[in-house]
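# Structural overview
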Protein chains: 2
Amino acid sequence: MSITVSKSAFRRLPGYLNYLYHKKSQGFSTISATVMAEEMNINSVLVRKDLASTGTVGRPKSGFKVDELIRNIIEMLGYNNSSEAVLVGAGQLGRALLSYGEFESHGVKIIAAFDTDQEVCHTEINEKKVFPLEQLPRLVSRLRVPIGVIAVPAGVAQDICDKLVDAGIQAIWNFAPVHLQVPETILVQNENMAASLAALSQHLKRNQMGWRA
Amino acid sequence: MSITVSKSAFRRLPGYLNYLYHKKSQGFSTISATVMAEEMNINSVLVRKDLASTGTVGRPKSGFKVDELIRNIIEMLGYNNSSEAVLVGAGQLGRALLSYGEFESHGVKIIAAFDTDQEVCHTEINEKKVFPLEQLPRLVSRLRVPIGVIAVPAGVAQDICDKLVDAGIQAIWNFAPVHLQVPETILVQNENMAASLAALSQHLKRNQMGWRA
DNA sequence: TAGATTGTTAATCGATTAACAATC
DNA sequence: TAGATTGTTAATCGATTAACAATC
């Protein structure tokens, strides 16, 4: 399996997957890239290329088999073999993430959380234990957890990040609004809500002012 | 003010802003694009172009004034004149979003929430009232709220989306893992956590297998 | 067969990077 | 002045789109 996908194509795959689940639930067993493209507002050649990148081949006239596409996209996205993660910061956002049941089916399984607040330590949220922050280095390195989720205030995020890196983490999912400094081999995936918010307000401003894209 | 910024440049601005706040707190009054680029792992020409896109001019040798950059980026991102929003779906995620205090300083002010659950209706979360879903059309159209935040399960997201659009919303911030169908004039900003998760697992898989980018 | 749809090759577009002159 | 740093112009790179032949 040495199929390569561009980063941008990769980001569209989850969207296709949702769409395909929806179509499947409506009873479709095949789907054409043309229809997909139209309904998803994406260029049809792009859709065909993206689908081809998953290793699926379609048939002229009938299109692609829905089940096969779903299987291949799941495979591509790594949803079927999930990696373990720890979450740091059991505040409002952290608790929401812990309670959100969908991560595991998306390739990431949160196995424990850490916090400095004595009140939440040793409690459980959605069956995940919250440990005192001091125990992070020992637990993470012993269990070889590959993913760290940062849901702490901006001011302490870099500090937590360093601790995770020292403990041997390989990828970080960062919800704190800061640019984290990490060694090159470590992936930081920023959940960039600030950028989303900015895009929203810009859209509104443009509309108000009658600007053009 | 008719400065145009590419979408990709726009997405980097919040990062620069965080970085600049950090530098300012350390006592820096000027900063060079060269240093910024190095510390943020971005190409320095790109940084200079991005900063130029905010209308800020630097001086050879000394660089840019931190305060001026901060002012201009905030202006560009629309953080200083926030738009009102309503949130639909006061579940775990919805409540976390309601409790998260940072949106207002990022240009979006959530003024109310809606839910179908009788138990949460008429309660307050972080001083925001939760109304029964039935009242959405009337309230949103009467108050001319421009932004709708969707934090409901995937199955009902399109339905909620349609209601928001009918009520005259202009932009949607979508946390549900579905591709929403909207008229062309409406912006949908997807908070694409599934894509982030996929990127994380792909990074891990590649590292394990010794693949190259 | 005729027509819809795939998949590929070439053209375009936009964003990033390289090279370099201008300037404090 | 010398050197760091800006800002601009040209080159490169990657992703998207257009054109079209292949095929069910």
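Look up a bit, the structure's there.
Residues and elements named next belong to chain B. Extensive coverage of strand β4 (residues 108-115) is indicated by the burial of six of its eight residues. Crossover handedness for the path strand β3 (residues 83-88) to helix α5 (residues 92-99) to β4: right-handed. Bridge analysis of β4 against strand β6 (residues 128-132) gives three bridges, and the strand direction is parallel. Pairing of Phe-114 across the sheet is with Phe-131, part of β6.

Attention now goes to the protein's contact with DNA strand D. Taken together, 23 residues sit near DNA strand D, with Arg-12 and Lys-49 of chain A together with Ala-33, Arg-48 and Gly-58 of chain B positioned nearest. Each atom of DNA strand D within 4 Å of the protein belongs either to a base or to sugar and phosphate, the latter forming 64%. Between Arg-48 of chain B and DNA strand D, the recorded distance is 2.6 Å, taken from a side-chain N or O atom to a base nitrogen. The side chain of Lys-49 of chain B places a nitrogen or oxygen atom 3.5 Å from a base oxygen of DNA strand D. Residue assignment for the surface near DNA strand D shows that the elements contributing at least two residues are α1 (7-25) and α3 (44-53) of chain A together with α2 (33-40) and α3 (44-53) of chain B. Per-class residue counts for the surface near DNA strand D are eight nonpolar, seven polar and eight charged.

Attention now goes to the sheet that holds β3 of chain B. All names here are of chain B. Reading across the sheet, the seven strands line up as β5-β6-β4-β3-β7-β8-β9 and stay open at both edges, with mixed pairing between neighbours. The open sheet has two free edges, formed respectively by β5 (124-125) and β9 (187-190), since each of these has just one partner strand. With six bridges joining them, β3 and β4 adopt parallel strand pairing. Within β4, the position partnered with Ser-83 by the bridge is Val-108. Of the strands in this sheet, β3, β7 (147-150) and β8 (171-174) touch helix α7 (residues 154-166), which is tilted by about 170° from β7.

Right, let's talk about the sheet that holds strand β5 (residues 124-125) of chain A for a bit. Residue and element names in this part refer to chain A. Spatially, the seven strands line up as an open sheet ordered β5-β6-β4-β3-β7-β8-β9, and their pairing is mixed. At either margin of the open sheet sits one strand with a lone partner, and together these are β5 and β9 (187-190). Alignment of strand β3 (residues 83-88) against strand β7 (residues 147-150), held across four bridges, turns out to be parallel. In the sheet register, Leu-87 faces β7, and the bridge partner there is Val-149. The sheet contacts of helix α7 (residues 154-166) involve β3, β7 and β8 (171-174), and relative to β7 the element is tilted by about 170°.

Residue and element names in this part refer to chain B. With burial as the criterion, each face of β8 is covered, one bearing Ala-171 and Trp-173 and the other bearing Ile-172 and Asn-174. Sheet topology note: the β7/β8 ladder contains four bridges and is parallel. Bridging from a neighbouring strand, Val-149 pairs with Trp-173 of β8. As a crossover connection, the stretch from β7 through α7 into β8 is right-handed. In the sheet, β8 pairs with β9 via four bridges, with the strands oriented parallel. Note that in β9 the partner of Ala-171 across the bridge is Leu-187.

The rules behind the values
Residues numbered from 1 in each chain as written. Chains lettered and ligands numbered in written order. Predicted model: local features only at pLDDT ≥ 70, side-chain atom pairs only at ≥ 80, totals over all residues. Heavy atoms only, no water. Buried < 20%, exposed > 50% of the residue type's maximum accessible area, 1.4 Å probe, protein only. Helix = DSSP H or I, 4+ residues; strand = E, 2+ residues; numbered from the N terminus. Right-handed = clockwise from strand over helix to strand, strands pointing away. Pairing = 2+ DSSP bridges. Near = heavy atom within 4 Å. Polar contact = N/O pair within 3.5 Å; in protein donor to acceptor, adjacent residues only side chain to side chain. Nonpolar A, V, L, I, M, F, W, Y, C, P; charged D, E, K, R; others polar. Contact = heavy atoms within 4.5 Å. Axes fitted to C-alpha atoms, helices over the stretch in contact; angles between N-to-C directions.

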